[in-house]
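# Structure assessment
For reference, the chains in residue letters:
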Amino acid sequence: MTDLASQTIEKPQPSAARETVIRVRDLVVAFGQTLVMRGLDLDVYRGEVLGFVGGSGQGKSVLMRTILGLVEKRSGLIELFGQDRDRLSSAERRRVERRWGVLFQNGALFSSLTVRQNIQMPMREARHISARLMDELAMLKLELVGLPASAADKFPAELSGGMIKRAALARALALDPELVFLDEPTSGLDPIGAAEFDELIATLQHTLGLTVFMVTHDLDSLYSICDRIAALAEGKVIATGTMEEMLACEHPWLQAYFHGVRGARLAGARKPNDMRGRE
Amino acid sequence: MATDLDHTARLSSRREGETARFALGGEWVLADSAALEKDAAGMAAAARGSARAIVDLAQIVRLDTAGAWVIGRAMDELARAGVVVSMEGARPEHAILLQEAKFRPFEAPSRCRRLLVIDILADLGSSVVSAARDAYNGIGFLGEFVAAAGAALLAAGRFRLTSLVYHMESFGFRSLPIIALINLLVGAIVAQQGIFQLRRFGAGSYAVDLIGILVLRELGVLLTSIMIAGRSGSAITAELGSMKMREEVDALRVMGLSPIEVLVTPRILALVLSLPLLTFVADMSALFGGLLVCWVYEGISPAGYLSLLQAAIGRNTFFVGLIKAPFMALIIGLVAAMEGMATRGSAESLGRHVTASVVKAIFMVIVVDGFFAIFFAAIKY
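Here the structure is a predicted model, which is why all the values come from computation and not from measurement. (Residues numbered from 1 in each chain as written. Chains lettered and ligands numbered in written order. Predicted model: local features only at pLDDT ≥ 70, side-chain atom pairs only at ≥ 80, totals over all residues. Heavy atoms only, no water.)

### Some remarks on the UniProt feature "transmembrane region" (unreviewed entry) in chain B
Residue and element names in this part refer to chain B. Inclusion rule: UniProt positions are given in the numbering used here, feature names are shortened, and annotations may be inferred rather than shown by experiment. A run of DSSP states H or I qualifies as a helix once it reaches four residues; a run of E qualifies as a strand once it reaches two. Both are numbered from the N-terminal end.
The UniProt feature table records "transmembrane region" (unreviewed entry) at residues 138-159, 171-190, 318-338 and 358-379. With 80% helix and 0% strand, residues 171-190 has its two end C-alpha atoms placed 27 Å apart. From the first C-alpha to the last, residues 358-379 spans 31 Å; its make-up is 95% helix and 0% strand.

What follows is the structure in structure tokens.
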């Protein structure tokens, strides 16, 4: 994996003509009287890694869950792969759901299944895959995410936090999705593990052409693998853009976020131009 | 530009003397996996007898790990058949993918087959061992509980009164309607059957003796215990089990608090106090159910029913049932708490322990009731 990561592949440059994978317009989400999203707009383009930041309790996970359809929206438009989600029949919606993979914050592995069975779960739903190919693909995915083969027959309760994240990523990638949602993928990992995870996501993104929607607080991940960053505050996306644009942004919260003690240390350590230093 | 042809996997093979040439095109993705595997299997057959094989990937539109894996597997099969294989025309991103998903044999999951007889015997043995271990642990747990309860009762400051009252409300007070209802019905059913069977001997009014003795000695306490084992025992196991799963029990322990004292003692004490009260309610409603049926079927007036009842039962009949209640509560509470504390990480384990808690508690309640019957008969009470 490391020798592959050193090969450089040209990333598609952002341009107006790029295909929009997720398009959110004027989204309103509320729990009772509390408005969580107040007219939020967001675009995610094909092939990019979008880092999504925001203060704790601002609703980053709520937005992700709303896009996934786990939280009801009050009004607004959500388009997935160019289709309005409200207009999809249940069969079409299932087809859309097969095109994405989700890594939940705590892994959400099925505790009564082994890691291998967890990874094969979405494949089993597809039905037409031969047992041999399923076994082989599950082992391949395990290796791709950097887990030893011995982990295949372990239960989630026997795994460490980092291994659970990796196994959950392997499950999210089981059907080779086009779009991957990652909810704080590097939280709870040590810095080495987090860097490996970033590298893994970058490699997979190049090879599989993944589109990645990543909720994260990890400034390292934001610097190293995100093509664009979107910031959430007061129920809206207050800014989107590359790291340079974020650093230049005047908004006080963004200033505090990126130019705070931790952010400033990283910004000083790397010039914005070699942000993708790990590749 | 994009035609239908681009969306299906294509494979064409050509022979150039000693060289077999495979041109792959279209989408090699998981959605088509069955077709891909068939195509790839055909490659080995098509290349038989040739010395070299060239796999041309230039026409591939889309490739995912499954497609790359199947191509890699086919190439590996060719190589093992003694054919020199090479790849050409792969796009850079496809080349990376083919490299990442290069075929390597994985150990097949070990499914060791054993003799059924041995499995059954092993199962039987482990059940016996675990039953013995349960009994041993149960006694240990009882000791821990008695020590914790004793300590709590002696040092009044450590007694968790709020917790006790809260659990008495949820185990006792909130069970009142269902306990009263089922016992009313059972009392009525026993009375009706008693009247019909005894009437044949002209002894219909003896149904009152039957109701009084059966309900007060056995049925009231037994039905209440079984109901509470299902209702509150399972709740205790589920509560403690999920607290164990989420490390809340460990959090208590590292704070220097004993989970037995904080979690288990109030619950078991609440059961021990509630169950006799519930048994009393159960007895009364079953007798009332009997009263209604005797009145309707046998024409025994309520006043007549009560005087017949007084003649039929003594104070001891009433107390036999009530004396048993706290012991039943102790059994239900201990089994439920033990099962809860034995829960491990998974949701499945929690489900298994909740089931085991209810089944074991009901079984133990009935066994102990049998011992009580022998005991009371021996002391002629």
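### A short note on the state of the cysteines
Two cysteines, two sulfur atoms, one covalent bond between them: this is a disulfide. To be explicit about the condition: Our working definition of a disulfide is a cysteine sulfur pair at a distance within 2.5 Å.
Within this structure, the stated rule accounts for zero disulfides over all chains. Cysteine Cys249(A) remains unbridged, with the sulfur of Cys226(A) as its closest cysteine sulfur at 16 Å.

### What about the sheet that holds strand 3 (residues 49-54) of chain A?
Residue and element names in this part refer to chain A. Here is the rule we go by: Two strands qualify as a pair provided DSSP detects at least 2 bridges between them. An axis is simply a line fitted to the C-alpha atoms; with a helix, the fit covers only the stretch in contact. Between two such axes, the angle follows the N-to-C directions and lies from 0 to 180 degrees.
The six strands lie next to each other as 6-7-8-3-9-10, forming an open sheet whose pairing is mixed. The open sheet is flanked by strand 6 (100-103) and strand 10 (236-241), the only strands paired with a single partner. Adjacent strand axes in the sheet meet at a mean angle of 15° when their direction is disregarded. Here strand 3 runs beside strand 9 (residues 228-233); their pairing, made up of five bridges, is parallel. Counted as the bridge partner of Val53 is Ala231 from strand 9.

### So, the pattern of salt bridges
Residues and elements named next belong to chain A. The following threshold applies: The salt bridge criterion pairs a side-chain nitrogen of Lys or Arg with a carboxyl oxygen of Asp or Glu, the two atoms within 4 Å. When accessible area is computed with a 1.4 Å probe and restricted to protein chains, residues below 20% of their type maximum are described as buried, those above 50% as exposed, and intermediate ones as partly exposed.
This model, assessed by the stated rule, comprises 26 salt bridges over all chains. Where Arg25 meets Asp43, a salt bridge forms, and the shortest distance between an N and an O atom there is 3.0 Å. In this pair, Arg25 is assigned in strand 1 (residues 20-31) and Asp43 in strand 2 (residues 34-45), connecting sequence segments 18 residues apart. Its relative accessible area of 19% is what places Asp43 among the buried residues.

### Looking at the sheet that holds strand 4 (residues 84-88) of chain B
What links the strands of a sheet is backbone hydrogen bonding, and the strands pair in either a parallel or an antiparallel sense. Residue and element names in this part refer to chain B. The line we're drawing: Residue contacts follow a heavy-atom distance rule, with two residues in contact if any of their heavy atoms lie within 4.5 Å.
Overall, mixed pairing links the four strands, which are arranged 1-2-3-4 in an open sheet. Where the open sheet ends on each side, the last strands, each with one partner, are strand 1 (10-16) and strand 4. Geometrically, the sheet is characterised by an average inter-axis angle of 20° between neighbouring strands, direction not taken into account. Inspection of the sheet shows strand 2 (residues 19-28) paired to strand 3 (residues 52-63) by nine bridges, in the parallel sense. Pairing of Ala20 across the sheet is with Ala53, part of strand 3. Its contacts with the sheet place helix 4 (residues 92-100) against strand 3 and strand 4, and it is angled at close to 115° to strand 3.

### A few points about the interface of chain B and chain A
To keep things clear, this is the line we draw: Values labelled buried area give the accessible surface lost by two parts on being combined, using a 1.4 Å probe and summing over both. Here a polar contact is taken to be a pair of N or O atoms separated by no more than 3.5 Å, where protein atoms must pair a possible hydrogen donor with a possible acceptor and residues adjacent in sequence count only if both atoms sit in side chains. By the convention adopted, Pro, Cys, Tyr, Trp, Phe, Met, Ile, Leu, Val and Ala count as nonpolar, Lys, Arg, Asp and Glu as charged, and the other residues, Gly among them, as polar.
Across the contact, 26 residues belong to chain B and 28 residues belong to chain A. Both sides together, the interface formed by chain B and chain A hides about 2,400 Å², and carbon and sulfur atoms give 64% of it. At the boundary of chain B with chain A, the tally comes to one salt bridge. One can count six residue pairs in polar contact (both at pLDDT 80 or more) joining chain B with chain A. Within the residue set of the side of chain B that touches chain A, elements represented by two or more residues are helix 2 (33-46), helix 3 (65-80), helix 4 and helix 13 (347-378) of chain B. If one sorts the elements of the side of chain B that touches chain A by residue count, helix 4 of chain B sits on top with six residues. In terms of residue class, the side of chain B that touches chain A is built from 14 nonpolar, five polar and seven charged.

### So, the side chain of Thr317(B)
Checked against the element boundaries, Thr317(B) lands in helix 12 (residues 315-341). Not counting chain neighbours up to four residues away, the residues in contact with Thr317(B) comprise Gly212(B), Ile213(B), Leu216(B) and Arg217(B).

### Focus: helix 7 (residues 176-199) of chain B
All names here are of chain B. So the rule is basically this: Helix span, expected: 1.5 Å multiplied by one less than the number of residues in the helix.
The terminal C-alpha atoms of helix 7, which comprises 24 residues, lie 34 Å apart, in line with the 34 Å expected from a rise of 1.5 Å per residue. Residues of helix 7 that are buried: Ile179, Asn183, Gly187, Ala188, Val190, Ala191, Gly194 and Ile195. Looking at the buried positions of helix 7, the neighbouring elements they touch are helix 8 (207-245) and helix 10 (259-298).

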